[in-house]
Number of protein chains: 2
Amino acid sequence: MQALIERIRAEGINLGGGILKVDSLINHQLDPRLMAGMGESFAARFADTPIDRILTAEISGIAPALMTGIALDVPVVYARKKKPITMSGPVFLETAPSHTKGGETLLLVSAEFLRAGENVLIIDDFLATGKTLLALARIVVSAGANLVGVGVVVEKTFEGGRAALQAKYDAPIHALASITSMEGDTITVRGDQPRLL
Amino acid sequence: MQALIERIRAEGINLGGGILKVDSLINHQLDPRLMAGMGESFAARFADTPIDRILTAEISGIAPALMTGIALDVPVVYARKKKPITMSGPVFLETAPSHTKGGETLLLVSAEFLRAGENVLIIDDFLATGKTLLALARIVVSAGANLVGVGVVVEKTFEGGRAALQAKYDAPIHALASITSMEGDTITVRGDQPRLL
């Protein structure tokens, strides 16, 4: 997605240790037009896939998942990381190690919002090691639903997440922007030359 | 907003202790059309107000704030409740007691995404005691920005939040649905008769 790639080139910051700061686009501030474009871009990439529901994880997955839900006109459910007081009844529960916060992250989805036989598209902000996406995929399988695709806003291709997902699931994986290297202070977006910050 | 009121009547559950479960609409599952309607409804209610930016709080404020940002074509910033590893530089920090989770909640906004002189509309999912909205309003003031309005998806009119906000700020407050009573097992939406669940 060209507009996103250009914004990452202009505004992304390599904080070292494989941490990409895109707070101005995804993780703190949201640009409505860019976000709507992400939703349309995911919808176009999965246009031939039957999709009943989108699953994401709070917090930063909500915005791109919602915009994709709007583009495809299907409901979105976001996995909670803490049990809210309003969550009752059976839940699907998985854990994943957190990449940017440390520790283990819980992922909880009420059984009432993920049904057997549904075709589920997972959308999230980042694909790095794939641990969160693998946990979401396990929730889809636990529900007896079908994982039909995985869409991520930004993939870091050098952390192995795509291979980890492909080793377990057949679903196609689409990234709107792929970071192929974060050596030194640079950020290399696929097809791009290393950029000195 | 009639469509929202009808969905709350149909799907809202009174869990007791003033806790309204609307997980199927706002806090866990999102209905894209309903959510887009919320954004358009907020945009219509604040149509005569100059707005440069929308401020909300993660987690459940993100979806209605983003849809309002799309309807108004202005950027959205969501206050973080934990400092992400990507957050650097000066931040505006306030605390608010959490209504549904207990304890104190931090609210963090990077100074780079909230500027002096901006006209800021606060959007959130609930107005109950107003503690979260008051903390967001304090952040707006700390930034030297102007609080020009407050929009909430659901107001519980019996918890005093509107009066607490009006005691400190002149900004107009709009609620898309107002719950006027949650006696026993019932939920009374403004203009509605008590509903037995």
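Rules of the game
Residues numbered from 1 in each chain as written. Chains lettered and ligands numbered in written order. Predicted model: local features only at pLDDT ≥ 70, side-chain atom pairs only at ≥ 80, totals over all residues. Heavy atoms only, no water. Buried < 20%, exposed > 50% of the residue type's maximum accessible area, 1.4 Å probe, protein only. Helix = DSSP H or I, 4+ residues; strand = E, 2+ residues; numbered from the N terminus. Pairing = 2+ DSSP bridges. Right-handed = clockwise from strand over helix to strand, strands pointing away. Least-squares fit on C-alpha atoms with pLDDT ≥ 70 in both. Contact = heavy atoms within 4.5 Å. Axes fitted to C-alpha atoms, helices over the stretch in contact; angles between N-to-C directions. Core = buried A, V, L, I, M, F, W, Y, C linked by side-chain atoms within 4.5 Å. Arc of directions from axis to C-beta. Patch = residues over 30% accessible without salt bridge, like charges linked within 9 Å, V, L, I, M, F, W, Y side chains within 5 Å. Areas by Shrake-Rupley, 256 points an atom, 1.4 Å probe, with all protein chains shown as cover. Salt bridge = Lys/Arg side-chain N within 4 Å of Asp/Glu carboxyl O. Buried area = accessible area lost by both parts, 1.4 Å probe. pLDDT = per-residue confidence, 0-100.

Caption draft 1: Inspection of the pairing of strand 5 (residues 76–79) of chain B at higher detail. Burial along strand 5 of chain B is two-sided: B:Val76 and B:Tyr78 and B:Val77 and B:Ala79, pointing in opposite directions, are all buried. Of the pairings in the sheet, the one linking strand 3 (residues 29–30) of chain A to strand 5 of chain B comprises 2 bridges and is antiparallel in character. Opposite A:Leu30, over in strand 5 of chain B, you have B:Val76 as the bridge partner. Sheet topology places strand 4 (residues 53–57) of chain B next to strand 5 of chain B; 4 bridges connect them, and they run parallel. Each residue of the ladder has a partner; that of B:Leu55, found in strand 5 of chain B, is B:Val77. What joins strand 4 of chain B to strand 5 of chain B is helix 4 (residues 62–72) of chain B, and the crossover it makes is right-handed.

Caption draft 2: View of the relation of the copies chain B and chain A. For the pair chain B and chain A, the superposition axis carries a translation of 0.0 Å, the fit reaches an RMSD of 0.0 Å, and the rotation angle comes to 180 degrees. Here the copies are linked by what is in effect a two-fold axis. Both copies contact each other with a shared surface, as 100% of the interface residues of chain B are interface residues in chain A too.

Caption draft 3: Representation of the sheet that holds strand 4 of chain B within the structure. Ordered by their spatial adjacency, 7 strands build an open sheet running 3(A)-5(B)-4(B)-8(B)-9(B)-10(B)-11(B), and the pairing between neighbours is mixed. Taken across any chain shown, the strands that pair with only one partner, and hence form the sheet edges, are strand 3 of chain A together with strand 11 (188–189) of chain B. In the packing of helix 5 (residues 131–142) of chain B onto the sheet, contacts are made with strand 4, strand 5, strand 8 (119–127) and strand 9 (146–156) of chain B, and the angle to strand 8 of chain B comes to roughly 165 degrees.

Caption draft 4: Layout of the nonpolar core. Ranked by internal contacts, the top residues of the largest apolar core, which has 76 residues, are A:Leu4, A:Ile8, A:Met38, B:Leu4, B:Ile8 and B:Met38. If we ignore the near neighbours within four places in the chain, the residues touching B:Leu4 are B:Leu34, B:Met38, B:Val153, B:Leu176 and B:Ala177.

Caption draft 5: Structural detail: the sheet that holds strand 4 (residues 53–57) of chain A. Strands sit in the order 11(A)-10(A)-9(A)-8(A)-4(A)-5(A)-3(B) across an open sheet of 7 strands; the sheet is mixed. Strand pairing shows two members of the sheet lacking a second neighbour, strand 11 (188–189) of chain A together with strand 3 (29–30) of chain B, which therefore form its edges. Contacting strand 4, strand 5 (76–79), strand 8 (119–127) and strand 9 (146–156) of chain A together with strand 3 of chain B, helix 4 (residues 62–72) of chain A runs over the sheet at an angle of about 170 degrees to strand 4 of chain A. This element, helix 5 (residues 131–142) of chain A, spans strand 4, strand 5, strand 8 and strand 9 of chain A of the sheet and lies at about 165 degrees to strand 8 of chain A.

Caption draft 6: Molecular detail of helix 1 (residues 2–11) of chain B. Residues and elements named next belong to chain B. For helix 1, the complete set of buried residues consists of Leu4, Ile5 and Ile8. Taken around the axis of helix 1, the buried residues stretch over an arc of 100 degrees, which confines them to a single face. Buried positions along helix 1 lie against helix 2 (23–27), helix 3 (32–45), strand 9, strand 10 (173–181) and strand 11.

Caption draft 7: Highlighting a nonpolar patch on the surface. On the surface, a cluster of nonpolar side chains totalling about 220 Å² of accessible area is made up of A:Val91, A:Leu93 and A:Leu106. Positionally, A:Val91 belongs in strand 6 (residues 91–97).

Caption draft 8: Here's a closer look at the interface of chain B and chain A. Contact residues are listed per partner, giving 44 residues for chain B and 44 residues for chain A. For the pair chain B and chain A, the summed buried area comes to about 3900 Å², and 62% of that belongs to carbon and sulfur atoms. Of all residues in chain B, B:His28, B:Ile59 and B:Thr86 bury the most surface against chain A, accounting for 18% of the area lost on that side. Applying the counting rule to chain B against chain A returns 4 salt bridges. Across the salt bridge formed by B:Asp73 and A:Arg33, the nearest N and O atoms sit 2.2 Å from each other.

Caption draft 9: Representation of the pairing of strand 6 of chain A in the model. Residue and element names in this part refer to chain A. Only one face of strand 6 is buried, namely the one carrying Phe92, Glu94 and Ala96, since none of Val91, Leu93, Thr95 and Pro97 on the opposite face is buried. As defined by bridge partners, strand 6 adjoins strand 7 (residues 104–110) across 7 bridges and the pair is classed as antiparallel. When the sheet's bridge partners are listed, Glu94 is paired in strand 7 with Leu107.

Caption draft 10: Broad picture of the confidence of the model for chain A. Residues and elements named next belong to chain A. Mean pLDDT for chain A: 94, with 95% of residues reaching 70 or above. Within the model, pLDDT remains below 50 along residues 192–197, and this stretch shows 17 contacts once partners closer than five positions in the same chain are excluded. Across the predicted assembly, pTM comes out at 0.94 and ipTM at 0.93.

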